[in-house]
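# Tertiary structure, described
Chain by chain, the residues run as shown.
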Amino acid sequence: MRLIALAAATAVLAVPAVANAQVADPAERPAFVNVDEPAFCNAAGLADPREQASGFAIPADKGGGQLVFVDKVQAQCQQVVGGKPTGQLKRPTICPLGAGRILKDGAWICRSQKLAGK
């Protein structure tokens, strides 16, 4: 029993040393910059890739028209045929893999990061 307690105490004391050894010097870390772009309409089942810009033309066999933002906040897209919203295909906007959807200046955008200088 004492041997187990001793081994556990040794493991606990060794963890901070290992964690500190893995932290790189902040000056050596690569710099990243934010890349912002408008949110995309969710065209799942209509196109590949499913991330399509507002104004995407919906195939005629799926009802035709376009997928456009519902409002200036760009939180949702819906089908518009002949300039009139149909209320169909109303879905939240999405972002490509690796990007996060954030609210900035009153509208949803997609933000990803890339290495500075590239």
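Let me begin by describing the structure that accompanies this report. (Residues numbered from 1 in each chain as written. Predicted model: local features only at pLDDT ≥ 70, side-chain atom pairs only at ≥ 80, totals over all residues. Heavy atoms only, no water.)

## Here's the deal with the overall build of the protein
Secondary structure summary: the protein contains one helix and 10 strands in total. Of all intrachain contacts in the protein linking residues separated by at least 6 positions in sequence, the fraction that spans at least 24 positions is 40%. For the protein, the computed accessible surface area is about 8100 Å², with 60% contributed by carbon and sulfur atoms. (Helix = DSSP H or I, 4+ residues; strand = E, 2+ residues; numbered from the N terminus. Contact = heavy atoms within 4.5 Å. Areas by Shrake-Rupley, 256 points an atom, 1.4 Å probe, with all protein chains shown as cover.)

## Some details on the environment of V33
Residue placement: V33 occurs in strand β1 (residues 32–38). Accessibility expressed as a relative area gives 33% for V33, which makes it partly exposed. When residues no more than four places from it in sequence are discounted, the contact partners of V33 are S112, Q113, K114 and A116. (Buried < 20%, exposed > 50% of the residue type's maximum accessible area, 1.4 Å probe, protein only.)

## Examining the sheet that holds strand β10 (residues 107–115)
In a beta sheet, neighbouring strands pair by backbone hydrogen bonds and run either parallel or antiparallel. As summarised here, the arrangement of the three strands in space is β1-β10-β9, forming an open sheet in which the pairing is antiparallel. If you trace the sheet from one side to the other, it starts and ends with β1 and β9 (100–104), each paired once. On average, each strand axis in the sheet is inclined to that of its neighbour by 45 degrees, with strand direction left out of account. Alignment of β1 against β10, held across seven bridges, turns out to be antiparallel. Looking at β10, one finds that V35 is bridged to S112. (Pairing = 2+ DSSP bridges. Axes fitted to C-alpha atoms, helices over the stretch in contact; angles between N-to-C directions.)

## Focus on the pairing of β10
Summarising the sheet, β9 and β10 pair through five bridges and their orientation is antiparallel. Bridge assignment links K104 to a residue of β10, and that residue is A107. Linkage of β9 to β10, two consecutive antiparallel strands, is achieved through a turn of two residues, within which D105 is found at a positive phi near 55 degrees.

## Structural notes on the nonpolar core
Counting seven residues, the largest nonpolar core consists of C41, A43, L46, F56, I58, L67 and C77. Excluding its chain neighbours within four sequence positions, the residues that come into contact with C77 are C41, V68, F69, V70, L89, K90, R91 and T93. Counting residues in hydrophobic clusters, the runner-up holds five residues, among them A39, F40, C95 and C110. (Core = buried A, V, L, I, M, F, W, Y, C linked by side-chain atoms within 4.5 Å.)

## Some thoughts on the pattern of salt bridges
What the rule picks out here adds up to three salt bridges. When the shortest N-O distance is used, the salt bridge between K104 and D36 registers 3.0 Å. Of this pair, K104 sits in strand β9 while D36 sits in strand β1, and the two are 68 residues apart along the sequence. With relative accessibility at 35%, the residue K104 sits in the partly exposed group. (Salt bridge = Lys/Arg side-chain N within 4 Å of Asp/Glu carboxyl O.)

## Regarding the side chain of N42
With respect to the helices, strands and loops of the structure, N42 is situated in strand β2 (residues 41–42). The buried category is assigned to N42, whose relative accessible area is 14%. In terms of polar contacts, N42 uses its side chain to reach the backbone amide nitrogen of A44, at 3.0 Å. Those residues in contact with N42 that sit more than four places away from it in its chain are R50, L67, R91, P92 and I94. (Polar contact = N/O pair within 3.5 Å; in protein donor to acceptor, adjacent residues only side chain to side chain.)

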